[in-house]
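One-letter residues, chain by chain:
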Amino acid sequence: METPKIPGPSDEGEKQVLAKLVAIRDQLQLRKLDRTTYVRSQDVMVLYNQTIEQVKRLNEIRGGKATEENQVDRVVDSCFQLLSLFFMTIGRNNEAPAAYALTSTIKRLLDHLTESNLFSAQDLESMSQTLEHLSEILHATSNTKSAPFLETLIANRIDRCRASLSNLQKKIEDVGEPLRPTADKLVSILRQMAVANTRSKFSAAEIRKREAELNEIGNKRKDGKFVDQDGNVLKGSDDVSNLLERCLLYTQIVLEKNGQFPDKWRPIYDVLVGIRNELDKLSLTQAWSLRETDLFDYQRQLDKIDESRVDGNWLDENRQPAELYVQRTFLYLIRRSYGYIYHLMISSEPVSEALLPIYNQLQTLKRCLVQVKDNGGVSTVRELYPYSMKLNSIDNMRVDGKFMVGEDIPEGQGSVTELLAECFDLNYDLRVAAEAAEEDKTPEP
């Protein structure tokens, strides 16, 4: 992993802290790469406590004075970012450290939405709910006081995210209710064109189809304004018209390029498309293939490319800014990838990866049983035997009511036990219904 080229610490004490934090980060990286065994909670806590100890020492050295960011701050961020993802991996999602990585991703997304000025109310609603949930986690763990400075750091991040969110929500409110579906439709069309533009096989027909939709929306205007049935100009008409013109301009640019990306920008483009495609695959197979710590490398690659901009744009080897087409394509790919990371994080189950195979089997069983119930149940109890046998085999794996892995009791026992109970309840209800149906069919003597 590359640390950005920023100054090293000048203070001797900070240099010692940096050396120890780098060693901790390297251990976290090695543990992240090791898939021969599952991640144990106690192993993570050892490295977490070591990190907290070094950060406390760093704060004592600095004595609360404002200092210019140096390599120590970046390595601290890397350690907390990794630890946060490790907390998710071991199923401790509802503890303060797990919130660190999520607040980083939300801040990135909000920054991009603010910069692009392209978003819908639905985009903001999810992040608003997530920030509320993170606040509840902080409040619930504030009594531990094991690392109050970390909780304060995360709380400040949440406040900054809420401030950005509030500014974006005000922009939504600048558009009247009658026009919001049109604005949301334009956002959706622009994003669909961005997807089409970054596919391996470019389809001009698909872009022209979106162009026709845009023209249809534009034709609803009168004298360039969106009006109601009485001819009154709707609130936000100019903003939505500007968005429409932006979409039409993008359509022209994409059709002119015809899927041909400039060679000098191709290396960055290939990296971003690769990240987007890999995250897309993970979003489809998350339950079975994702270890949350895998997201760290994607985050760092995206951060590096995003932070390489100068005044909001990328510069080529001659210090010339990228053309609008390149800039918008890169920004779309970065924002889409951050969006995937965000959704993968909030979809993470509070279950240790050691218990995930059992948890995933139960999730599948539950879906099957729900589908059977929704489709009218079963005609005989025998049809439930496969489900009953599987549930009993999982139940028999418990030792004194716990799912053990060797001598360890992995995190997430409550979630797995609750899901198992739900499956047993569904299976029982189906059996009772089947037995009642069989009795009704039995002719009376």
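Everything discussed here concerns the structure shown above.
Here the residue numbering is sequential within each chain, running from 1 through the sequence in written order. Only residues with pLDDT of 70 or above have their local features reported here, since the model is predicted, and side-chain atom pairs are shown and tallied only from 80 upward, although totals for entire chains, interfaces and linings are computed over all residues. Values shown for side chains rest on all heavy atoms present in the structure; no hydrogens or waters enter the calculation.

Moving on, we come to the overall build of the protein. Numbering of helices and strands starts at the N terminus; helices are DSSP runs of H or I of at least 4 residues and strands are runs of E of at least 2. The number of helices and strands found in the protein is 15 helices and two strands. Dimensions of the protein along its principal axes, counting C-alpha atoms only, are 85 × 70 × 40 Å. Relative accessibility thresholds used throughout: buried, under 20% of the residue-type maximum; exposed, over 50%; partly exposed, between the two (1.4 Å probe, protein chains only). Taking all 445 residues of the protein together, the buried fraction comes to 46%. Whether two residues are in contact is decided by their heavy atoms, any of which lying within 4.5 Å being enough. Relative to all contacts within the protein whose residues are 6 or more apart in sequence, the contacts with residues 24 or more apart total 80%. All accessible-area figures derive from a Shrake-Rupley calculation using a 1.4 Å probe, and residue coverage is judged against the displayed protein chains alone. Total accessible area computed for the protein in this model is approximately 23200 Å², and 49% of it derives from carbon and sulfur atoms.

All right, on to the nonpolar core then. Core analysis: the biggest nonpolar cluster contains 102 residues, and Ile106 and Leu279 have the highest contact counts within it. Here this core gets 13 residues from one element, more than from any other, and that element is helix α12 (residues 324–346). With near-sequence residues (within four places) excluded, isoleucine 106 lies in contact with Met127, Thr130, Leu131, Leu134, Cys161 and Tyr342. What is meant by a nonpolar core is a set of buried Ala, Val, Leu, Ile, Met, Phe, Trp, Tyr and Cys residues, joined one to another through side-chain atoms within 4.5 Å. Core analysis: the second largest hydrophobic core is formed by 23 residues, Val351, Leu369, Leu391 and Val416 among them.

For the rest of this paragraph, the subject is helix α3 (residues 71–89). By this rule the span expected of a helix is its residue count minus one, scaled by 1.5 Å. The end-to-end C-alpha distance of α3, which contains 19 residues, comes to 27 Å, matching closely the 27 Å that a straight helix rising 1.5 Å per residue would cover. The element α3 is extensively covered by neighbouring structure, given that 16 of its 19 residues are classed as buried. By the N-cap criterion, in which a side-chain oxygen at the helix start approaches the backbone nitrogen of a residue two or three places on, α3 is capped by asparagine 70, the distance to valine 72 being 2.8 Å. Remark: glycine 91 follows α3 within two positions and exhibits a positive phi of approximately 85 degrees. Two N or O atoms count as a polar contact when they lie within 3.5 Å, although within protein this holds only if one can serve as hydrogen donor and the other as acceptor, and sequence-adjacent residues are included solely when both atoms are side-chain atoms.

Moving on, we come to a nonpolar patch on the surface. A cluster of nonpolar side chains, contributed by Val399, Met404 and Ile409, occupies part of the molecular surface with about 240 Å² of accessible area. The topology assignment puts methionine 404 in the loop between β2 (402–403) and α15 (413–441). Residues form patches when they are more than 30% accessible in relative terms and have no salt bridge. Like charges link within 9 Å. Nonpolar side chains (Val, Leu, Ile, Met, Phe, Trp, Tyr) link within 5 Å. Any Lys or Arg side-chain nitrogen found within 4 Å of a carboxyl oxygen on Asp or Glu counts as a salt bridge.

Turning our eyes to something else, we now look at the side chain of serine 348. Along the chain, serine 348 falls in the loop between α12 and α13 (356–374). By relative accessible area, serine 348 is classed as buried at 8%. Reaching out from serine 348, the side chain makes a polar contact with the side chain of asparagine 93 at a distance of 3.0 Å. In this structure the side chain of serine 348 is engaged in a polar contact, spanning 2.6 Å, whose partner is the side chain of glutamate 292.

With that out of the way, let us pick up the pattern of salt bridges. Inspection of every chain in the model, using the stated rule, returns 36 salt bridges. Between arginine 62 and aspartate 73 there is a salt bridge whose closest N-O contact spans 2.9 Å. Of this pair, arginine 62 sits in helix α2 (residues 41–62) while aspartate 73 sits in helix α3, and the two are 11 residues apart along the sequence. In this structure, the salt-bridge partner of glutamate 307 is arginine 108, at a minimum N-O distance of 2.4 Å. Highlighted residues: glutamate 307 in helix α11 (residues 295–307) and arginine 108 in helix α4 (residues 96–116), separated in sequence by 199 residues. Taken together, the shared-partner salt bridges in this structure form one network comprising Glu69, Arg74, Asp77, Arg108, Glu115, Arg157, Arg300, Asp303, Asp306, Glu307 and Arg309.

Glancing now at the packing of aromatic side chains. Here is the rule: rings of Phe, Tyr and Trp (six-membered ring for Trp) pair when centre to centre is within 6.5 Å. Planes less than 30 degrees apart are stacked, more than 60 are edge-to-face, and the remainder are tilted. The final tally for this structure, using the stated rule, is seven aromatic pairs. Seen in terms of ring centroids, phenylalanine 261 and phenylalanine 330 are 5.7 Å apart; in terms of plane orientation they differ by 35 degrees. Their pairing is tilted. In this pair, phenylalanine 261 is assigned in the loop between α9 (237–257) and α10 (266–289) and phenylalanine 330 in helix α12, connecting sequence segments 69 residues apart. Judged by its relative accessible area of 0%, phenylalanine 330 falls in the buried class. Centroid distance tryptophan 314 to phenylalanine 330: 5.2 Å. Interplanar angle 90 degrees. Geometry classified as edge-to-face. Here tryptophan 314, found in the loop between α11 and α12, pairs with phenylalanine 330, found in helix α12; they are 16 residues apart in sequence, far enough to count as distant. Among the aromatic residues, those joined into a ring-pair cluster are Phe261, Trp265, Tyr269, Trp314, Tyr325 and Phe330.

Note on geometry: axes are C-alpha line fits, over the in-contact stretch for helices, and angles between N-to-C directions span 0 to 180 degrees. Orientation of helix α1 (residues 12–33) relative to α2, taken along the N-to-C sense of each, is 160 degrees, at an axis distance of 10 Å. The angle between α1 and α2 falls in the class roughly antiparallel. Regarding α1 and α2, the two cross each other, and that crossing is left-handed. Contacts between α1 and α2 involve Gly13, Glu14, Gln16, Val17, Lys20, Leu21, Ile24, Gln27 and Leu28 from the former and Leu47, Gln50, Thr51, Gln54, Arg57, Leu58, Ile61 and Arg62 from the latter. Residue polarity is assigned by list, with Asp, Glu, Lys and Arg as charged and Ala, Val, Leu, Ile, Met, Phe, Trp, Tyr, Cys and Pro as nonpolar; anything else, Gly included, falls into the polar class. Partitioned by chemical class, the residues of the contact of α1 with α2 number seven nonpolar, six polar and four charged. With respect to orientation, any angle under 35 degrees is reported as roughly parallel, any angle over 145 as roughly antiparallel, any angle of 65 to 115 as roughly perpendicular, and every other angle as oblique. Left-handed is the label given to a crossing in which the near helix is rotated counterclockwise from the far helix by less than a right angle, and right-handed is the label when the rotation is clockwise.

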